[in-house]
Amino acid sequence: MSSAIHIADVADHEVVLPEQLGFGRHFSTRMFSQRYNAERGWHDARIDAYAPITLDPAATVYHNGQMIFDGTKAYRRPDGHINLFRPECNAERFNESARRMGMPPVDIALHVQAMQTLVALDHRWVPNREGTALYIRPVMIATEKTLEVRASREYLHYIILSPVAPYFAAGFAPVSVYVSDDYVRAVRGGTGEAKTPGNYAGSIAATEVALAKGYQQVLWLDGVERRYVDEVGAMNIAFVFDGRDIVTPVLTGAILHGVTRRSLLQLAPDLGYTVDERRIAISEVLEGLASGRITEIFGMGTGAVIAPVGHMYFEGRDIQVGDGEPGPVARRLHGELTGLQTGKRPDPYGWTRKIDVPGA
Ligand SMILES: Cc1ncc(COP(=O)(O)O)c(C=O)c1O
């Protein structure tokens, strides 16, 4: 049973979105929050004005990092209304992350209702330029005042909204990736499947190395043998063989279960492509690129939806993928999925949830 959300009276001012939105730099008028303690469970679900959070300096999150987050988007439809894309999938993943981090799951229906209500109230913040969206960021942090390393007995769950441009400033343009053969992102049995900040904090030094070498993202190899491809940056990865066969690493326990990946695996066969989930060694990638059998590589994630890979750095060599430009498979999948998400194309899968905007 989902309990009611108290909605505070918050004044709406005119929203003037800047020309350059960036990613996660601007935030909407309101935020959702609820609190948890062992006695009452989740309680005090409310939507208030967006405001700073005050925490005790000894709050557990600052010490053992017990924290999770997720990310999904609200898209402006051509008719002025708004679409959410598979919000239940993100809510379920939020709870999977919570379980892995020893945190209490939230009520899925309440979480989805909170996202829908918040977006409906702050609908003015949903941008409408090509490639833009309102990014929805749910978070849970451990708030109990203790330095003991154990599960906190108190938590704060909140949701904030940010109007965003495509994750990469150049939009649907090729990204360059650096294969990290020293740092790893996650190991099986670790926290790689959870969206917890430690995974991202642990990736920053490797990303700095990549950036210093002129590459935008890190391609992560598996944490045990450093042989198999796991992910690219904060995206799942796919390889196109012979212009038609899409191969993506099987979810081993160290790879995040991406909603974009899952959706594309369902959509691609309907467009005539084959899909295969299996382990793929970096040596197979190098051979495939050398022989020309691998025609495209792309990342899949909410931020960029599809990010074609143009160049790859591995062991001192720069290798071009295809002709270095976005390939036809990435282009087609990007068009189909973004068209469906934004309501420009029909949604035969029932993935979108429409939010009506008054007067649209
Ligand atoms: C590490 C990682 N892998 C993959 C993804 C892609 O997941 P999704 O398609 O649900 O955005 C994300 C983004 O959420 C991520 O952070």
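Keep in mind it's a predicted model, so treat the numbers as computed, not measured. (Residues numbered from 1 in each chain as written. Predicted model: local features only at pLDDT ≥ 70, side-chain atom pairs only at ≥ 80, totals over all residues.)

With that settled, consider the overall build of the chain. Along the chain, the regular secondary structure elements total eight helices and 18 strands. A compact globule built from 360 residues would reach a C-alpha radius of gyration of about 21 Å, and the chain, at 21 Å, matches this within 12%. Dimensions of the chain, computed from C-alpha atoms along their principal axes, come out at roughly 60 × 55 × 35 Å. By the burial criterion, 44% of the 360 residues in the chain qualify as buried. Taking contacts inside the chain between residues at least 6 apart in sequence as the whole, the part at least 24 apart equals 72%. (Helix = DSSP H or I, 4+ residues; strand = E, 2+ residues; numbered from the N terminus. Rg over C-alpha atoms; globule rule 2.2 N^0.38 Å. Buried ≥ 20, exposed ≤ 12 C-beta atoms within 10 Å, placed from the backbone. Contact = placed C-beta atoms within 7 Å.)

Here we come to the site of the ligand. Taken together, 13 residues sit near the ligand, with A234, G258, T260, G301 and T302 positioned nearest. For the shell around the ligand, the elements supplying multiple residues, two or more each, are α6 (259–270) and β15 (294–301). Looking at the shell around the ligand, the element that brings in the most residues is α6, giving three residues. Across the shell around the ligand, the residue classes break down as five nonpolar, six polar and two charged. (Near = placed C-beta within 6 Å. Nonpolar A, V, L, I, M, F, W, Y, C, P; charged D, E, K, R; others polar.)

Right, let's talk about the domain arrangement of the chain for a bit. Annotation of the chain at the domain level lists domain 1 (6–164) and domain 2 (175–341). With 20 residues of domain 1 at the contact, the number on the domain 2 side is 13 residues. For the side of domain 1 that touches domain 2, the secondary structure elements donating two or more residues are β4 (67–69), β5 (72–76), β6 (82–85) and α2 (87–100). Among the elements that take part in the side of domain 1 that touches domain 2, α2 stands out by supplying six residues, more than any other. Among the residues forming the side of domain 1 that touches domain 2, the class breakdown is eight nonpolar, six polar and six charged. (Domains from an automatic or database assignment.)

Counting residues in each nonpolar core, the largest one holds 90 residues, and the members touching the most others are A74, V119, L134, V177 and L219. It is strand β7 (residues 133–142) that contributes the most residues to this core, eight residues altogether. When residues are assigned to domains, this core turns out to be shared by domain 1 (6–164) and domain 2 (175–341), each giving three or more. Aside from chain neighbours lying at most four places away, what touches V119 is A74, I82, L84, L134, I136, L161 and I355. (Core = buried A, V, L, I, M, F, W, Y, C linked by C-beta atoms within 7 Å.)

Our next topic: the pairing of β5. In terms of burial, β5 is largely enclosed, as five of its five residues are buried. Across three bridges, the pairing between β5 and β7 is antiparallel. Residue pairing in the sheet places K73 in a bridge with Y135 of β7. In this structure, β5 lies alongside β6, joined through three bridges in antiparallel fashion. Considered in β6, the bridge of A74 is made with L84. Between the antiparallel neighbours β5 and β6 lie five residues, among them G80 with a positive phi of about 90°. (Pairing = 2+ DSSP bridges.)

Looking now at the packing of α6 against helix α8 (residues 328–341). Remark: α6 packs on α8, axes separated minimally by 11 Å, with the N-to-C direction vectors making an angle of 110°. One finds that α6 runs roughly perpendicular with respect to α8. Contact with α6, carried on its side by S263, L264, L267 and A268, involves L333, E336 and L337 of α8 and no other residues of that element. (Axes fitted to C-alpha atoms, helices over the stretch in contact; angles between N-to-C directions. Parallel < 35°, antiparallel > 145°, perpendicular 65-115°, else oblique.)

Here we come to the packing of α2 against helix α3 (residues 108–121). One way to put it is that α2 packs onto α3 with a least axis distance of 9 Å and a crossing angle of 125°. When the axes of α2 and α3 are compared, the pair comes out oblique. Viewed along their axes, α2 and α3 form a crossing whose handedness is right-handed. Facing P87, E88, A91, E92, F94 and N95 of α2, the residues of α3 in contact are I108, H111, V112 and M115. (Left-handed = near helix turned anticlockwise from the far one by under 90°.)

This part covers the pairing of strand β16 (residues 305–314). Most of β16 sits out of view: seven of its 10 residues are buried. Bridging between strand β9 (residues 175–180) and β16 involves four bridges; their strand directions are parallel. When the sheet's bridge partners are listed, V177 is paired in β16 with M312. The sheet contact formed by β15 and β16 spans four bridges and is antiparallel. The partner of F298 across the bridge, within β16, is P308.

Below, the discussion takes up the environment of G41. Its place among the elements puts G41 in strand β3 (residues 41–49). Spatially, the C-alpha atom of G41 lies 39 Å from that of L267, the residues being 226 residues apart in sequence.

Mapped onto the elements, Y155 comes out in strand β8 (residues 154–164). You can call Y155 buried: it has 25 C-beta atoms within 10 Å. Separated by 15 residues in sequence, Y155 and M140 place their C-alpha atoms 6.8 Å apart. Filtering out sequence-adjacent residues up to four positions away, Y155 remains in contact with Y36, M103, P104, M140, I141, A142 and T143.

Right, let's get into unusual backbone geometry. Of note in this structure, V305 is not a glycine but carries a positive phi near 65°. By C-beta crowding, V305 is classed as buried, having 25 other C-beta atoms within 10 Å. Positive phi, close to 45°, is recorded for E315, a residue that is not glycine.

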